[in-house]
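Overview (structure and organization)
Spelled out from the first residue to the last, the chains are:
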Amino acid sequence: MSRRKRQFYPIAIIIVGLILVFSAVGISSRNLRKDLEREMQMTLGDVASQNVLVVYKNIELQYRLLVGYSEKLQENPGQEEVILEDMKTFVKTYGFKRMGYIQDDGTAYTTDGNQLDLGDRNFFHKSMEGKVWISAALGDRISGEQEMINVFSVPVYDKAGSSVRGVLFATYRNEVFRDMMDEDFFEGKGYSCIIRTDGTVMAHSQNSPIDSTENFFEHICEEDEVGYSTVGQMKSDMENGRNGYGKCAHQDGRSAMFYYMPVNENTYGSQWYMVTLAPQAVMDARINPVMRNAYVLAFVLVIIAAMGVTAFILLQRKRREELESLAYEDSLTGGYNFAKFREMAKNRAGLSGYVIAMDLVDFKLINSGFGVQKGDEALLALWGLLRKNVNDSELVARVNADRFVLFWQADDKAALEQRIKNLIRAIKEIPEKLNIPPLFPVLGIYYVESLEDADKCYGYALQAKHLVKGRRDKYYAFYDEIDYQRLMENKKLEDSFDEALENGEFEVWYQPKYSAQSGEIIGAEALVRWRRSDGKMLPPGIFIPLFEKNGCISVLDEYVFRRVCERQKERLDTGKKTYPVSVNISRVSLYFDRIVERYESILKETGLDVKYVQLEITESATVDNVDIGGLIERFHEVGFQMLLDDFGSGYWALSSLNTMRFDTLKLDKSLIDYIGDTRGEKLLKYITRLGQSLGFRITAEGVETAAQVEFLKHLKCDDIQGYFYSKPLPMQEYEALVSG
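Residues numbered from 1 in each chain as written. Predicted model: local features only at pLDDT ≥ 70, side-chain atom pairs only at ≥ 80, totals over all residues. Heavy atoms only, no water.

Here the structure, examined in full by the defined rule, presents 31 aromatic pairs. Summarising the aromatic geometry, the rings of Trp383 and Phe404 are spaced 6.4 Å apart at their centres and angled 25° between planes, so their arrangement reads as stacked. Of the two residues, Trp383 is situated in helix 11 (residues 372–388) and Phe404 in strand 15 (residues 403–408); the sequence distance between them amounts to 21 residues. With respect to burial, Trp383 and Phe404 carry one shared label: buried. Following the ring pairs from residue to residue traces out a cluster consisting of Phe497, Phe506, Trp530, Phe543, Phe547 and Tyr559. When the ring centre of Phe478 is taken as origin, the NZ or CZ atom of Lys413, which lies over that ring, is 4.2 Å away. (Phe/Tyr/Trp six-rings, centres within 6.5 Å; stacked < 30°, edge-to-face > 60°. Helix = DSSP H or I, 4+ residues; strand = E, 2+ residues; numbered from the N terminus. Buried < 20%, exposed > 50% of the residue type's maximum accessible area, 1.4 Å probe, protein only. Lys NZ or Arg CZ within 6 Å of the ring centre and 35° of its normal.)

Running from N to C, helix 11 and helix 12 (residues 413–427) cross one another at 150°; their axes reach a closest spacing of 11 Å. Relative to helix 12, the element helix 11 lies roughly antiparallel. Taken as a pair, helix 11 and helix 12 cross one another with a handedness that is right-handed. Contacts between helix 11 and helix 12 pair Leu382, Leu385 and Leu386 from the former with Leu423, Ala426 and Ile427 from the latter. Here the residues of the contact of helix 11 with helix 12 sort into six nonpolar, no polar and no charged. (Axes fitted to C-alpha atoms, helices over the stretch in contact; angles between N-to-C directions. Parallel < 35°, antiparallel > 145°, perpendicular 65-115°, else oblique. Left-handed = near helix turned anticlockwise from the far one by under 90°. Contact = heavy atoms within 4.5 Å. Nonpolar A, V, L, I, M, F, W, Y, C, P; charged D, E, K, R; others polar.)

Let us now look at the sheet that holds strand 13 (residues 353–360). Read across the open sheet, the five strands follow the order 14-15-13-16-17; overall the sheet is mixed. Looking at which strands have only one partner, the edges of the open sheet turn out to be strand 14 (395–400) and strand 17 (476–478). Recorded for the sheet is a direction-independent mean angle of 20° between the axes of neighbouring strands. Of the pairings in the sheet, the one linking strand 14 to strand 15 comprises five bridges and is antiparallel in character. (Pairing = 2+ DSSP bridges.)

Moving on: unusual backbone geometry. For Asn435, which is not glycine, the phi torsion reads 60° and is therefore positive. Mapping Asn435 onto the fold places it in the loop between helix 13 (430–434) and strand 16 (441–448). A positive phi angle is found at Lys716, which is not glycine, with a value near 60°. Its location among the elements puts Lys716 in the loop between helix 23 (706–714) and strand 26 (719–720).

On to the pairing of strand 6 (residues 148–157), then. Burial within strand 6 is extensive, with eight of its 10 residues counted as buried. With two bridges joining them, strand 4 (residues 133–134) and strand 6 adopt antiparallel strand pairing. Considered in strand 6, the bridge of Trp133 is made with Ser153. Of the pairings in the sheet, the one linking strand 5 (residues 138–139) to strand 6 comprises two bridges and is antiparallel in character. Bridging across to strand 6, Gly139 finds its partner in Met148. Where strand 6 and strand 7 (residues 164–173) come together, nine bridges link them in antiparallel fashion. Looking at the pairing, Phe152 lines up with Ala170 of strand 7.

The subject of this paragraph is the pattern of salt bridges. By the definition in use, this model includes 34 salt bridges. For Lys669, the salt bridge is made with Glu704, and the minimal N-O distance between the two is 3.9 Å. One end of the pair, Lys669, is in helix 21 (residues 669–672); the other, Glu704, is in the loop between strand 25 (697–700) and helix 23, with 35 residues separating them in the sequence. You can call Glu704 partly exposed: its relative accessible area is 43%. Via salt bridges that share partners, Lys513, Glu525, Glu616, Lys666 and Glu701 belong to a single interconnected network. (Salt bridge = Lys/Arg side-chain N within 4 Å of Asp/Glu carboxyl O.)

Our next topic: the environment of Arg587. Mapping Arg587 onto the fold places it in the loop between strand 21 (581–584) and helix 19 (595–606). Through-space distance from the C-alpha of Arg587 to that of Ser554 is 9.4 Å; in sequence the pair is 33 residues apart.

When the terminal C-alpha atoms of helix 11 are compared, their 24 Å separation across 17 residues agrees well with the 24 Å that a helix rising 1.5 Å per residue should span. Here helix 11 has its buried residues at Gly375, Ala378, Leu379, Leu382, Trp383, Leu385 and Leu386. Projected down its long axis, helix 11 carries its buried residues within an arc of 165°, all on one side. Residues of helix 11 that are exposed and angled more than 90 degrees away from the buried face: Gln373 and Lys388. At its buried positions, helix 11 is contacted by strand 13, helix 10 (364–370), strand 14, strand 15, helix 12 and helix 13. (Expected span 1.5 Å × (residues − 1). Arc of directions from axis to C-beta.)

The next point concerns the packing of helix 9 (residues 338–347) against helix 14 (residues 454–465). One can describe the packing of helix 9 onto helix 14 by two numbers: an axis separation of 9 Å at closest approach and a directional angle of 115°. Residues Phe338, Phe341, Arg342 and Ala345 of helix 9 lie in contact with helix 14, whose contacting residues are Ala454, Asp455 and Tyr458. The class makeup of the residues in the contact of helix 9 with helix 14 is five nonpolar, no polar and two charged.

Glancing now at the environment of Ile445. Position of Ile445 among the secondary structure elements: in strand 16. Here Ile445 falls in the buried class, since its relative accessible area comes to 1%. On a C-alpha basis, the gap between Ile445 and Met358 in space is 8.9 Å, while along the polypeptide they are 87 residues apart. In this structure, Ile445 is in contact with Tyr354, Val355, Ile356, Leu416, Ile420, Ala461, Ala464, Tyr476, Ala477, Phe478 and Tyr479, ignoring residues within four places of it in sequence.

This brings us to a nonpolar patch on the surface. Taken together, the side chains of Tyr674, Leu683 and Tyr686 define a hydrophobic patch exposed on the protein surface, amounting to about 280 Å² of accessible area. Looking at where Leu683 falls in the secondary structure, it is placed in helix 22 (residues 678–693). (Patch = residues over 30% accessible without salt bridge, like charges linked within 9 Å, V, L, I, M, F, W, Y side chains within 5 Å. Areas by Shrake-Rupley, 256 points an atom, 1.4 Å probe, with all protein chains shown as cover.)

Moving on to empty space enclosed by the protein. One simple way to see leftover space: roll a probe sized like a water molecule over the atoms. Considering all chains together, one arrives at three cavities of 30 Å³ or more under this definition. One number sums up the size of the largest cavity: a volume of about 90 Å³. In terms of lining, the largest cavity is formed by Arg98, Leu118, Arg121, Phe123, Leu138, Asp140, Arg141, Ile142, Ile149, Val151, Phe169 and Thr171. Broken down by secondary-structure element, the contributors of at least two residues to the lining of the largest cavity are strand 6 and strand 7. By residue class, the composition of the lining of the largest cavity is seven nonpolar, one polar and four charged. (1 Å grid on protein atoms, 1.4 Å probe; cavity = no way out; pocket = protein on both sides within 12 Å on 5 of 7 lines; lining within 4 Å. Points joined across faces, edges and corners; volume = space filled by probe spheres on them.)

As structure tokens, this is what we get:
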């Protein structure tokens, strides 16, 4: 071997070594960046999950209250003022700014004594369409303050549950959503916001550079190919209800990482997404030092590879530990945050005990009146107290702001309550030491047989806490104190549906229809009532909405139709006078396959001539069903007369009358109630004459007075239905009426 070759080998080895080292460093650097990025992605996902849980549980709680009052208003028409007065006690308890009721003409009455027209608000129109809704951020029109609000709204149905007669709403300060999302992560540089799938910002955390007046997609992405690709992927994920992770560039040039996940399932008007973001600088601040050190190590490894590899591994481990500390350590207390609580709960799976959600009533007053520093001192004192009150198998963590979560073990409920009382007593000693106003802790407690799913357990504890939030006579509540009797009753109704059908518990009642001109009976509308085996009668407003949700309504619709057909056939066969009877088809049933064929089959099985039975479809059922026109035509081909029920309740445009071939318009009671009002009467005349000019038969519903009857006669209305002539009657009473 020549000398030149011998000299070349060390150089070649060094070159190969350098290549291998730089390759190894390059590969390691890329892997490290990916690992750190995945860690940050997981952290962003954890924060998003926590925010979703808090926001969704709060929304569910508020809506449970609104739906409850909506049912009260449905069952007690005319009691709006009484129920508004009753709702005042819940405004402070549930953190609302105000609650109120909006009539179908847009006039609103609120718990803080205001009366105004909210008829132009979008949430009002959506709930009048029968939708549960949450508005985007709005300016508070009532108080005149420059305060952004969100409005929760639910429809209030008439007593029959067939049409919406008003809207119940609750005003929620937008800052409440903001406080829910103000969890400190990534050294306070991370932030969150709630958006709709179109990019509308519903709410955002305190430190967010995006506010409620901007569109999220327009804000985060520059107009370049990468930006559009990011937005496109995000929109696609949101349309399909998927979680996602990505990077974006703000308009001001800053880049950020973000994670998004759905808050709800299209329940409140539109699907919401929780987006948590962290500036790219946060990750760069962790990665850049690692990269610099890695390149230095590349040269060191040439001299002493073992030491270089060891140093690199140690440095990598150290950086990962720093990132984990950032993700799981509370920035104020230095203790655990909720993400760490969640992880440690998994390690305690199998342990039974109590998950406790705790916060301090009106703690913001301390921050505003005595300064944030004094508020932090109070929180640190509270944290120290909580730490002293947990043993090795128990947990405590700060969720955010003044919210804490604990896991305690106790031999029984009495022992737990004594620990809680001792803790509350100790908390009340903090203000004297710090010279601040008294602290009022509130706690929600949920018992778990196996601590594993921390999110779920904490959510239940939050629900329990809201039982005492705003009260001064009680500090804590257990989850089992929540009244879930109604939920259990609904479950029992669902479970007993098949048996009730088999036992004939569903009864067909009839509300007669009369000729407006002669006053003679000309037919009836079939209604369903549920008489339980114990004799208790359930109104349709109780079970119809329930069966619409679980799909049983189609079976019930066909059951009623079959019973009507059978009874009509029996009367014909015995030579009794028989008038046409109209039967309702629910909006849910219209979506079932082969519905026309199924109803035609029942006609053939019973042998009834189709002229003795008619079908009613509510106005609201035609709104979202794009196939409704075709369905009506197919029913006509069988020979059915088709009635449009509740016409004028606020859903239809008059132009739609020319596109759907109904035979009869049934004027909703809300139109009939206009009689006596000059402008209302003009509207009623216009609608009636328009319908008559298009060849429709006109039936007036909800007629209750002689003056209304006379007015309708003058309009040459065809039929009248309402309590003036007759309330709904059981089958035997109806048949006695038509036979007499």
